[in-house]
Amino acid sequence: SFESDRMLTMRDIYEASLIPVWDKDGHKVAFGKLFEDQVTIVIFIRHFWCPMCQDYMKSIVKELEPGRLAQSRVKLIVIGCGDPAMIKSYNDKIVKSPFEMYTDPKLILFTALGMTLKSTDGGPEERKGKYIKHGTFMGTLNVIGRALMSMTPGVLVKKGGDIKQLGGEFILGPGLRCRFAHRMSTTRNHTAIREVVINAGVQLTQSLTHVRTPSEEEEWAARRKGLTKRKTIRKSIEDVLTRPPKAHVSSAVCGDDDACAVRTNHFVGTI
């Protein structure tokens, strides 16, 4: 039977460790290799098109920085359930995550770890995760927009994964150890990432807010410059479009009073 917070036994972890997952290059990796040497936070997301999980991933990227986790000898990985060919676009362009990502398309690992509940129920509004930034409708529109703008050709036809599959969060390793286990019971109840990090033993004496590196500062400045330029162009276009049409008088015919009068009454619009 399904239990949201059931801890994993050593036997559970051993059997799961033998199950393969796929990386962004389509290579097969034994799940156990990902946490055998250190404490590892393992985030299982729903399908790649899920707007709620994209919100969750963005909260992780905003809150955490790999270097600060490394100081506590903790790492974080993400596992989806769609086609491996989607990992690069999803991770690098959609959620812009610095964390390793894998996928379990046949849901063998999901099942082995007890994520057996299938649902599209978002649950009561008051119990949704605080990471949720969009409603289902607007979230779906955002996902479509991000996909069209960021996905490489051909990726849109790949399988994003079972839309009813729910995810979860685990803290495993080193070896056959389990410190934390949570399985989603609705599509909007991932555990807040800060709570997961605390359970992994990371000291929150400092804010986990990401600090930009020099190269990221340059990229941010370039993006701001581009945004400012686009806003200026947009404002210029709006000014032109809302400007009232002007009377146009041709100097070539102003010697003829009748002709000049006719040309003065001819309004020429601009774009």
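What you see is a predicted model, and the numbers here were worked out from it, not measured in a lab. (Residues numbered from 1 in each chain as written. Predicted model: local features only at pLDDT ≥ 70, side-chain atom pairs only at ≥ 80, totals over all residues. Heavy atoms only, no water.)

Undergrad: Give a description of the overall build of the protein that names residues and reports values.
TA: Helix and strand content of the protein: nine helices and nine strands. Considering the protein as a whole, with its 271 residues, one finds that 39% of them fall into the buried category. A fraction of 72% describes how many contacts in the protein between residues 6 or more apart in sequence connect residues 24 or more apart. A total of about 15,700 Å² of accessible surface is found on the protein, and carbon and sulfur atoms cover 55% of it. (Helix = DSSP H or I, 4+ residues; strand = E, 2+ residues; numbered from the N terminus. Buried < 20%, exposed > 50% of the residue type's maximum accessible area, 1.4 Å probe, protein only. Contact = heavy atoms within 4.5 Å. Areas by Shrake-Rupley, 256 points an atom, 1.4 Å probe, with all protein chains shown as cover.)

Undergrad: Kindly report on the pattern of salt bridges, identifying the contributing residues and their values.
TA: Using the criterion set out here, one finds eight salt bridges in the structure. Ionic pairing is found between Asp25 and Lys88, a salt bridge with its closest N-O pair at 3.4 Å. Placement of the pair is Asp25 in the loop between β1 (20-22) and β2 (28-30) and Lys88 in helix α4 (residues 87-94), with a sequence separation of 63 residues. Assessed through its relative accessible area of 41%, Lys88 is described here as partly exposed. One salt bridge connects Glu125 with Lys128, and the closest N-O pair in it is separated by 2.8 Å. Taking the relative accessible area as the measure of exposure, Glu125 reaches 48% and is therefore partly exposed. (Salt bridge = Lys/Arg side-chain N within 4 Å of Asp/Glu carboxyl O.)

Undergrad: If you had to explain a nonpolar patch on the surface to someone new, which residues and values would you point to?
TA: Taken together, the side chains of Met10, Tyr14, Leu18 and Leu176 present a nonpolar region at the surface, about 420 Å² in accessible area. With respect to the helices and strands, the residue Leu18 is situated in the loop between α1 (10-17) and β1. (Patch = residues over 30% accessible without salt bridge, like charges linked within 9 Å, V, L, I, M, F, W, Y side chains within 5 Å.)

Undergrad: How would you summarise the pairing of strand β7 (residues 178-183) if you had to cite specific residues and measurements?
TA: β7 sits mainly inside the fold: five of its six residues count as buried. Sheet analysis places strand β6 (residues 168-172) next to β7, joined by five bridges and oriented antiparallel. For Glu169, the partnering residue across the bridge sits in β7 and is His182. If you look at the hairpin formed by β6 and β7, you'll find five residues sitting between the two strands, and Gly173 has a positive phi there, around 85 degrees. (Pairing = 2+ DSSP bridges.)

Undergrad: Residues and numbers for α1, please.
TA: Owing to its 3.6 residues per turn, the α-helix brings residues three or four apart onto one side. Within the span of α1, buried status applies to Asp12, Ile13, Ala16 and Ser17. Projection of α1 onto a plane perpendicular to its axis shows the buried side chains occupying an angular sector of 130 degrees, all on one side. Opposite the buried face of α1, by more than 90 degrees, sit the exposed residues Met10 and Arg11. Summarising the contacts, the buried residues of α1 are in contact with β2, α5 (108-112), β6 and β7. (Arc of directions from axis to C-beta.)

Undergrad: Hey, could you go over the side chain of Thr40 for me, with residue numbers and the actual values?
TA: By secondary structure assignment, the location of Thr40 is in strand β3 (residues 39-44). For Thr40, the side chain forms a polar contact with the main-chain oxygen of Leu34, separated by 3.4 Å. Engagement of the side chain of Thr40 in a polar contact is seen with the backbone oxygen of Gln38, the distance being 3.1 Å. (Polar contact = N/O pair within 3.5 Å; in protein donor to acceptor, adjacent residues only side chain to side chain.)

Undergrad: Can you tell me about the nonpolar core, naming the residues and giving the values?
TA: In this structure, Ile41, Ile43, Ile45, Ile60, Leu64, Leu76 and Ile193 are the most contacted members of the largest nonpolar core, which totals 32 residues. Going through the elements one at a time, β3, α2 (51-63), β4 (74-80), α4 and α7 (193-199) are the ones with two or more residues in this core. Here this core gets five residues from one element, more than from any other, and that element is α2. Residues in contact with Ile193, not counting those within four places in the same chain, are Ile43, Tyr56, Ser59, Ile60, Glu63, Leu64 and Leu76. Grouped together as the second largest cluster of nonpolar side chains are 24 residues, Ala16, Ile77, Phe110 and Met115 included. (Core = buried A, V, L, I, M, F, W, Y, C linked by side-chain atoms within 4.5 Å.)

Undergrad: Lay out unusual backbone geometry with the relevant residues and their values.
TA: A cis geometry characterises the amide bond from Gly173 onward to Pro174, with omega recorded as -5 degrees. Among the structural elements, Pro174 can be located in the loop between β6 and β7. Of note in this structure, Lys96 is not a glycine but carries a positive phi near 50 degrees. Mapped onto the elements of the fold, Lys96 is located in the loop between α4 and β5 (100-103). On the accessibility criterion, Lys96 (49% relative accessible area) is partly exposed. Despite not being glycine, Leu107 has its phi angle at roughly 65 degrees, a positive value. Summarising the element assignment, Leu107 is placed in the loop between β5 and α5.

Undergrad: Summarise α2; cite the residues concerned and give the values.
TA: In this model, α2 (13 residues) spans 18 Å end to end at C-alpha, consistent with the 18 Å of a helix rising 1.5 Å per residue. By the criterion of burial, α2 is predominantly enclosed, with ten of the 13 residues buried. Buried residues of α2: Pro51, Met52, Cys53, Gln54, Asp55, Tyr56, Met57, Ser59, Ile60 and Val61, and no others. (Expected span 1.5 Å × (residues − 1).)

Shape is all these values report; function is a separate question.
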